[in-house]
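What follows is each chain in one-letter form.
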Amino acid sequence: MSAGTSIYPTPPPVVAERNLSAPQWGMISFLISEVAFFTTLIVAYVAFMGQDTVGPTPSEALSLPLVIGTTICLLSSSVVVHAAQRALERGNQGLFCLLWFGTIVLGIAFLAGTAYEWRELIFDKGLTISRNLFGTTFYTLVGFHALHVTGGVTAMLVVLLLALRRKVTHENQTGPELVAWYWHFVDGVWIVVFCVVYLTAVGGGG
Amino acid sequence: MSLAQPSHTQGHAAPHTAAGENWAGWLHGWTTTVDHKRIGIMYVLMSLVFLVIGGCEAMLMRWQLAMPNNDVLGPEAFNQLFTMHGTTMVFFVGMPILIGAGNYLVPLMIGARDMAFPRMNAFGFWITLFGGLVVYFSFATGGAPAIGWFAYAPLTEHTFARSAATDFWAVGLIISGIGTITAAVNFIATILGMRARGMTLGRLPFFVWTMLWTAVQMLIAIPPLTAALVMILLDRQLNAHFFDVSNGGSAYLWQHLFWFFGHPEVYILILPVFGIISEVIPVFSRKVLFGYEFMAAATMAIVFISLGVWAHHMFCVGMNRTLDLYFAAASLLVSIPTGIKFFNWLATMYGGRIRFASPMLFAYGFLSMFLIGGLTGIMLAAAPFDFQLSDSYFVVGHFHWVLIGGTLFGTIAGIYYWYPKVAGRMMSERLAKWHFWLLYIGFMLTFGPMHISGMLGMPRRIYTYGPETGWTLWNQLATLGAVVQAPSYLIFIYNLVVSLKKGKPAGDNPWDAWTLEWSTTSPPSSYNFEETPTVHSRRPLWDLQHPDDPDWLYE
């Protein structure tokens, strides 16, 4: 099997494929499974819209101004995290840490807003998960989203600590990149939740 | 990148905690391993243990049904047994054995040194096993859940299932579902991100291609089940109302959510087997796989079509006519890509020099039996026929025909095929023949009569029947079949164990096969390949053996 002799045909040279890295493919796959998960919760929410036997209904319980505030926090955090990534690409470690920290603050602000909203719903409006179908589907959907925001904030804190110790730098951007993808996904889910849950409530649905 | 690439420096001096050391060291080596081959072996062994447990449950049920008005078990125990039998076979035998096979083979077949995320891989295995243990822990609550494997609401509501068994069942399946998702993520990242140089998607070994699409299907099908199981738990623990009809909830929603998972699930259980068969048939026919591109496209078509057919499990619920028509038509569509696969396998064999070794024998078993299971599937996909036979023993006969005749026969073909690579030794061909014929005959004897008792009106899941029903003979034949089948599994396990020490040495490539896993030693070293290979065609070993006439000239 000695190679190199001219009697055998020589294979064409192997061209390197343009490809994503394995961690990138992994994160994409994970996000696909997350889409399937949230789609199921949203389907359940929509299927039970207006089926309640007792109140409060969404339009009686939900208030838009607070949610618009938290939504602005979450959506702007996607822009900030993007800016943080650009900073890291340029090698500006300090600016990266600052912007990354800003994203975390915005995420926590969103969670605080959700906590305030839930407190109001539970104690003032009497809406619990066992109150009616709206409570059942609302807390499940919004709760799982908030759980994902919490997971994202935790992951970002880990990245921040690594960045402060210079384990995450200009040369090693995989971590922040994947966490940012996840964060954009969580924001995307929120846009859908905002439309399906809050805008329909204002529109008089349910 | 550094996350994905295993260290190349471990090389030849990789520490081996194998034979020779003490028992604790051996145990430590296996429990802490992140080697995809060891994890794959553990998946398969775990599945075989659960196969025996699930098989014993089935034997008990056959014992109960052997005589009319029998009372060895009683209704309560019978309900628990069929729930646990179904749950075990689907979640803790079928899926993990195929994930295990994929774990062992995918990196070897694409010329990689490990899976993309070795530690997550180990996590996936242990959490799957843990999920199985949690499901079985339900027995400790005073009895397993008695809800059937598809757990129709409102049976799972607190009103009807008062013990914590149903909670353990749901939690166990959520946990093992997380394991399945990590495996799927790992397969996709590995297959797309870690292929050897020159291993383009068009040159993937066919088993790898089917594992890729199985993983995609897992990503889409498992999370809805997880969400639905969470809903069960919220209903039971926090008095939510998802499936609570008295407060506006819907039992119908559960059926949609469950079958949106449940139907793709059966393709998760069969697609990797299509891959195994597509590896075995060419090697034992001495020909290339006929119509590789069409086979690849058919795999994708099955994945996409099967995501839109779930409600054919619900024809008797009383959906409207439009939905019935749509789901019947969509279900029948699946037979087209499956038919493409069948004819391509036959065309691969046609004119080949067929060797009748054990893997090929079981591949024949697969082809003949899966065909019949597919045909009864077409019958059941026709809504008017299903109205008559839904939830009868005809359905039980049908799905066992595809799951045993299809998944099990194909998986066993794969085990006989790759065992020499894993163990370094050949399995006994003589025992394999005994295994095959006992299983083949016992299997047909068990599940054939079920089609008839089903058409005579026997509903599934009844714990007994009267002699006046005329079902006695068919049930006794089925029980006899189970008795014939049982020793085949013992022979198989005996063969697996004894060949480990006594089998004749296999060498690198005992079947004269063409994919990369056969280019390394048997068993492969922990780093798989001394040098990661470069690939020019779908059959790299053929190219190596025939430099004068390599495949890449024609592909």
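Once a new chain begins, its residue numbering starts again from 1 and follows that chain's sequence as written. All chains are assigned letters beginning with A, and all ligands numbers beginning with 1, in the order in which they are written. Side-chain atom pairs in this predicted model are given and counted only at pLDDT of 80 or more, local residue features only at pLDDT of at least 70, and totals for whole chains, interfaces and linings cover all residues. Computation of side-chain values: all heavy atoms of the structure, hydrogens and water removed.

**Overview of the overall build of chain A**
Strands here mean DSSP runs of E at least two residues long; helices mean DSSP runs of H or I at least four residues long; both are numbered from the N terminus. A tally of helices and strands in chain A yields six helices and zero strands. Helices and strands in chain A line up, N terminus first, as α-α-α-α-α-α. Throughout, the radius of gyration refers to the C-alpha atoms, and the reference size of a globule is 2.2 Å times the residue count to the power 0.38. For 206 residues, the compact-globule estimate of 2.2 N^0.38 gives 17 Å, and chain A exceeds it by more than 25% at 23 Å. Principal-axis analysis of the C-alpha atoms gives chain A an extent of 85 × 45 × 25 Å. Think of it in three bands: residues with accessible area under 20% of the maximum for their type are buried, residues over 50% are exposed, and the middle band is partly exposed, with areas taken using a 1.4 Å probe on protein chains only. The buried share of chain A, taken over its 206 residues, is 46%.

**So, helix 6 (residues 206–238) of chain B**
All names here are of chain B. Working rule for helices: expected span equals 1.5 Å times residues minus one. Relative to the 48 Å expected for 33 residues at 1.5 Å per residue, helix 6 spans 47 Å between its end C-alpha atoms, a close match to the ideal helical length. Maximal helix bending in helix 6 amounts to about 25 degrees, located at methionine 218. Burial within helix 6 is extensive, with 29 of its 33 residues counted as buried. Positive backbone phi, at 55 degrees, marks asparagine 239, one or two positions downstream of helix 6. Working definition for bend: take the seven residues up to and ending at a residue and the seven starting at it, fit an axis to each, and measure the angle between the axes.

**Quick notes on the packing of helix 3 (residues 75–110) of chain B against helix 5 (residues 165–193) of chain B**
Residues and elements named next belong to chain B. Axis definition: a line fit to C-alpha positions, over the contact stretch in the case of helices; interaxial angles, taken between N-to-C directions, run 0 to 180 degrees. Axis separation between helix 3 and helix 5 bottoms out at 11 Å; the angle between their running directions is 20 degrees. Between helix 3 and helix 5, the angle is such that the two are roughly parallel. For the crossing formed where helix 3 meets helix 5, the hand is left-handed. Of helix 5, the residues touching helix 3 (which contributes Thr87, Phe91, Phe92, Met95, Ile99, Gly102, Asn103, Val106 and Ile110) are Trp169, Leu173, Ser176, Thr180, Ala183, Phe187, Thr190 and Ile191. For this scheme, ten residues count as nonpolar: Ala, Val, Leu, Ile, Met, Phe, Trp, Tyr, Cys and Pro. Four count as charged, namely Asp, Glu, Lys and Arg, and the remainder, Gly too, count as polar. Looking at the contact of helix 3 with helix 5 residue by residue, the class counts come to eleven nonpolar, six polar and no charged. Note on terminology: angles under 35 degrees are roughly parallel, angles over 145 are roughly antiparallel, angles of 65 to 115 are roughly perpendicular, and the others are oblique. Here a crossing is taken to be left-handed if its near helix is turned anticlockwise relative to the far helix by less than a right angle, and right-handed if that turn runs clockwise. Only heavy atoms matter for contacts: two residues are in contact if any of them lie within 4.5 Å across the pair.

**Points about the interface of chain A and chain B**
Listed per partner, the contact involves 37 residues of chain A and 47 residues of chain B. Buried area counts how much accessible surface, traced with a 1.4 Å probe, disappears from two parts once they are put together, with both parts' losses summed. When chain A packs against chain B, close to 3,300 Å² is buried across both sides, 77% of that on carbon and sulfur atoms. Salt bridge, as applied in this entry: a Lys or Arg side-chain nitrogen positioned within 4 Å of an Asp or Glu carboxyl oxygen. Our count for the chain A to chain B interface comes out at zero salt bridges. Under this definition, polar contacts are N or O atom pairs within 3.5 Å; protein pairs additionally need one hydrogen-donor-capable and one acceptor-capable atom, and for neighbouring residues in sequence, both atoms have to be side-chain atoms. If you look at where chain A meets chain B, you find three residue pairs in polar contact (both at pLDDT 80 or more). Broken down by secondary-structure element, the contributors of at least two residues to the side of chain A that touches chain B are helix 1 (22–47) and helix 5 (133–164) of chain A. Tallying contributions element by element places helix 1 of chain A first for the side of chain A that touches chain B, with 13 residues. Here the residues of the side of chain A that touches chain B are counted per class, giving 20 nonpolar, 15 polar and two charged.

**Looking at the pattern of salt bridges**
Residue and element names in this part refer to chain B. On inspection of all chains with the given rule, the structure shows seven salt bridges over all chains. A salt bridge links arginine 460 to aspartate 391; its shortest N-O distance comes to 3.8 Å. Taken together, the residues arginine 460 in the loop between helix 14 (429–455) and helix 15 (472–502) and aspartate 391 in the loop between helix 12 (383–389) and helix 13 (393–423) connect sequence positions 69 residues apart.

**Some words on the side chain of B:Asn186**
Residue and element names in this part refer to chain B. In this structure, asparagine 186 sits in helix 5. Polar contacts involving the side chain of asparagine 186 include one to the main-chain amide nitrogen of phenylalanine 117, which spans 3.0 Å. Not counting residues up to four positions away in its chain, the partners in contact with asparagine 186 are Met115, Ala116, Phe117, Met120 and Asn121.

**Things to note about the nonpolar core**
Ranked by size, the top nonpolar core spans 228 residues in total, and within it A:Phe96, A:Trp100, A:Phe138, B:Trp254, B:Trp345 and B:Phe366 carry the most contacts. In terms of residues, this core owes the most to one element, helix 6 of chain B, which gives 21 residues. Filtering out sequence-adjacent residues up to four positions away, B:Trp254 remains in contact with B:Phe150, B:Ala151, B:Tyr152, B:Ala153, B:Ala228, B:Leu229, B:Ile232 and B:Phe243. Residues grouped as a nonpolar core are buried Ala, Val, Leu, Ile, Met, Phe, Trp, Tyr and Cys residues, joined through side-chain atoms within 4.5 Å.

**Regarding a nonpolar patch on the surface**
All names here are of chain B. Taken together, Leu332, Leu371, Ile372, Leu375 and Ile378 make up a surface patch of nonpolar side chains, about 380 Å² in accessible area. Inspection of the secondary structure puts leucine 375 in helix 11 (residues 358–381). The exposure class of leucine 375 is partly exposed, given its relative accessible area of 46%. Residues enter patches when they are more than 30% accessible in relative terms and free of salt bridges; like-charged ones are connected within 9 Å and nonpolar ones (Val, Leu, Ile, Met, Phe, Trp, Tyr) within 5 Å. Here the Shrake-Rupley method, with its probe set to 1.4 Å, supplies the accessible areas, and only the displayed protein chains count as covering residues.

**With respect to the packing of helix 3 (residues 64–89) of chain A against helix 6 (residues 174–202) of chain A**
Residues and elements named next belong to chain A. Here helix 3 crosses helix 6 at 160 degrees, and the two axes come no closer than 10 Å. Taken together, the axes of helix 3 and helix 6 lie roughly antiparallel to each other. Crossing handedness for the pair helix 3 and helix 6: left-handed. Judged by residue contacts, Leu64, Val67, Ile68, Thr71, Leu74, Leu75, Ser77, Ser78, Val81, Gln85 and Leu88 of helix 3 engage Pro176, Glu177, Ala180, Trp183, His184, Asp187, Trp190, Ile191, Phe194, Tyr198 and Val202 from helix 6. Along the lines of polarity and charge, the residues of the contact of helix 3 with helix 6 split into 15 nonpolar, five polar and two charged.

**Looking at unusual backbone geometry**
Residue and element names in this part refer to chain B. At the junction of alanine 153 and proline 154, the peptide bond is cis and its omega measures out at 5 degrees in the coordinates. Examined against the element boundaries, proline 154 turns out to sit in the loop between helix 4 (118–137) and helix 5. Cis geometry is adopted by the peptide bond preceding proline 523, which originates at serine 522 and carries an omega value of -10 degrees. With respect to the element layout, proline 523 can be found in the loop between helix 15 and helix 16 (540–545). A positive phi angle, close to 70 degrees, is found at arginine 461, a residue other than glycine. Mapped onto the fold, arginine 461 is located in the loop between helix 14 and helix 15.

**Focus on the packing of aromatic side chains**
Residue and element names in this part refer to chain B. Here a pair means two rings of Phe, Tyr or Trp (six-membered ring of Trp) with centres within 6.5 Å. Their orientation is stacked below 30 degrees between planes, edge-to-face above 60, and tilted elsewhere. Overall, the coordinates contain 71 aromatic pairs over all chains when judged by the stated rule. Between the aromatic rings of tyrosine 326 and phenylalanine 327, the centroid separation amounts to 4.7 Å while the plane-to-plane angle is 70 degrees, which identifies the pairing as edge-to-face. Each ring is checked for a lysine NZ or an arginine CZ that lies within 6 Å of its centre and within 35 degrees of its normal; such an atom marks a charge sitting over the ring. The side chain of arginine 461 reaches across the aromatic face of phenylalanine 150, ending 4.4 Å from its centre. Between arginine 539 and the ring centre of tryptophan 514, over which it is positioned, the NZ or CZ distance is 4.4 Å.

These figures come from the coordinates and say nothing about function on their own.
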